[in-house]
Amino acid sequence: MARRALITGITGQDGSYLAEHLLEQGYEVWGLARGQANPRVSRMRKLLSDVQVVRGDLLDQGSLISAVERVQPDEVYNLGAISFVPMSWEQAELTAEVTGMGVLRMLEAIRVCSGVSRGASGGPYGQIRFYQASSSEMFGQVSETPQTERTAFHPRSPYGVAKAYGHFLTQNYRESYGMFAVSGILFNHESPRRGAEFVTRKVSLGVARIKLGLATELRLGNLEARRDWGFAGDYVKAMQLMLRAGTPEDYVIGTGRMKSVRELVEAAFSAAGLDWERYVVTDQTLHRPAEVDLLCADPKKARSQLGWEPKVSFDELVAMMVESDLRLLSDGGDPDQDSSWP
C-alpha cells in the first residue's frame, strides 16, 4: 500500500518539488490549502494532477485536526510559513502565528489524532512521522562557521525567531511524547520556482529584463552578505530521507560553500553575457534592520547518516534561473503570476 504524505505549503517552491519527488517515489500526496478557490491551488492541480487537496489553515487548530483525520497520513511535512524575511518585520505578529504557532498547532493535531500522551517515549514514535522546515536564519549572528546541528541560535529577524520556536517545539514533542518528529535546518535553497521577492529570483529576473531591453538597472541592498546557496530540488530529497531514517534526528542541510550576493550577481549577469557593473545600483533602503552577514552549513552529519549530497552546483543553479526567466519574459509571462510554479 502506498505511503501517504500531507504537505503544508504545497503551493510554494519547496512544496512543489517535494510533491513531485514523493509522487515519483510512489506516494499518495495531499496538500493542505486554506481554500479550494485559491488560484495557486488551481494552478497546482494543473501541474500536479495527482496531488489531492484538503482544507486546513495553520492558524486554525480545529481545521488541522480535521485534515489529519481525513488524510490519515504516514508522514506530515510542515513547509507552510511566511518565509520572506523582510516581510517578517512588517508582519511580525502574523509571522509568529503562522511560522511559529503553526508548528505547535500541527504537532498537536498529530498528537491528538495519533492518541499519543505525555511520557510515551521509547515506543514506535506513534503512527505519523513529522518533518519541520527549520531554517539557517535561526543561527543569525553566528557564533561559529560553518554551522552544525550544535551551533547556538541567535536569530536576527521575527522570521528567524519564529523558526527557532518551531524548532525547539519539535524537539520537545519528540522528547516528551516519543513522536517521530524531526527538523531539517535548511540553508538557502533556490530555483526558478522561487518567489519574485527573494534576492536570487530578483537577480535572475533583473538580468532577464535587462537582457531583453525591459529594464536598465537592478537595485540591490547589501552585496557583501554571504550565504550557502543550493538547489531546492536537491534539498527536498533530504526531507524524505530524514523521515525514513531509523531514529528521529535533526540535520543541517546545505552545500558547505559560501557565496556573496556580489558573486551571485556576477554569475547571473555572466550567464546572460552581460557586465554586472554597468547595471547594478546599491540601495541602502534595501538593507535589513538587523543584517545576517554570513551563513554556511556543515552538512557532514547528513552526508554520513543519510547519504545525502547536493547535485546541482551554484553556477548551474544561477544559470538555470536566468535561463528560465529569459524564457518566461520572452513569452510575455508575468513573474508574479506565471512562473514555472504558481
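Keep in mind it's a predicted model, so treat the numbers as computed, not measured.

The subject of this paragraph is helix H11 (residues 314-330). With 17 residues, H11 should reach 24 Å at 1.5 Å per residue; the first-to-last C-alpha distance of 24 Å fits that figure. Turning to H11, its buried residues are Phe314, Leu317, Val318, Met321, Val322, Ser324, Asp325, Leu326, Leu328 and Leu329. One or two positions beyond H11, positive phi appears at Gly332, with a value near 80 degrees.

Here we come to the pattern of salt bridges. The tally for this structure, following the rule as stated, stands at 14 salt bridges. Across the salt bridge formed by Arg201 and Asp325, the nearest N and O atoms sit 2.7 Å from each other. Linking Arg201 in helix H7 (residues 199-211) with Asp325 in helix H11, this pair joins segments that are 124 residues apart in sequence. In terms of burial, Arg201 and Asp325 fall into one category: buried. With a shortest N-O distance of 2.7 Å, Asp298 and Lys300 are connected by a salt bridge. Using a relative accessible area of 12% as the deciding quantity, one classes Asp298 as buried. Three or more residues are tied together by salt bridges with common partners; here these are Arg3, Glu75 and Arg244.

What follows deals with unusual backbone geometry. A cis amide bond, omega 0 degrees, links Thr145 with the succeeding residue Pro146. Take Pro146: it is sitting in the loop between strand S5 (129-135) and helix H6 (158-177). Residues other than glycine seldom take positive phi values, yet Gln72 does so here, at roughly 55 degrees. Here Gln72 lies in the loop between helix H3 (61-71) and strand S4 (75-78).

Before going further, it helps to examine a negative patch on the surface. On the surface, Glu263, Glu266, Asp275 and Glu277 cluster together into a negatively charged patch. Tracing the backbone shows Asp275 in the loop between helix H9 (261-271) and strand S13 (280-282). For Asp275, a relative accessible area of 39% translates into the label partly exposed.

Its place among the elements puts Thr148 in the loop between S5 and H6. Of note is the side chain of Thr148, whose polar atom sits 3.0 Å from the backbone nitrogen of Arg150.

The next subject is the packing of aromatic side chains. Aromatic ring pairs are defined here through the distance separating the ring centres and the angle between the ring planes. Under the definition given, this model contains nine aromatic pairs. Seen in terms of ring centroids, Tyr235 and Trp308 are 5.4 Å apart; in terms of plane orientation they differ by 90 degrees. Their pairing is edge-to-face. Remark: Trp308 occurs in the loop between helix H10 (300-306) and H11 and Tyr235 occurs in helix H8 (residues 232-244); sequence separation between them is 73 residues. As far as the burial class goes, Tyr235 and Trp308 line up, both buried. Taken together, the aromatic side chains of Phe139, Phe153, Phe168 and Phe187 make up a single cluster linked through ring pairs. Over the ring of Tyr17 we find Arg193; its NZ or CZ atom is 4.0 Å from the centre of that ring. Directly above the aromatic system of Tyr251 lies the positively charged group of Lys301, at a separation of 4.7 Å from the ring centroid.

Cut-offs applied
Residues numbered from 1 in each chain as written. Predicted model: local features only at pLDDT ≥ 70, side-chain atom pairs only at ≥ 80, totals over all residues. Heavy atoms only, no water. Helix = DSSP H or I, 4+ residues; strand = E, 2+ residues; numbered from the N terminus. Expected span 1.5 Å × (residues − 1). Buried < 20%, exposed > 50% of the residue type's maximum accessible area, 1.4 Å probe, protein only. Salt bridge = Lys/Arg side-chain N within 4 Å of Asp/Glu carboxyl O. Patch = residues over 30% accessible without salt bridge, like charges linked within 9 Å, V, L, I, M, F, W, Y side chains within 5 Å. Areas by Shrake-Rupley, 256 points an atom, 1.4 Å probe, with all protein chains shown as cover. Lys, Arg positive; Asp, Glu negative; His and termini not counted. Charge placed at Lys NZ, Arg CZ, Asp CG, Glu CD. Polar contact = N/O pair within 3.5 Å; in protein donor to acceptor, adjacent residues only side chain to side chain. Phe/Tyr/Trp six-rings, centres within 6.5 Å; stacked < 30°, edge-to-face > 60°. Lys NZ or Arg CZ within 6 Å of the ring centre and 35° of its normal.

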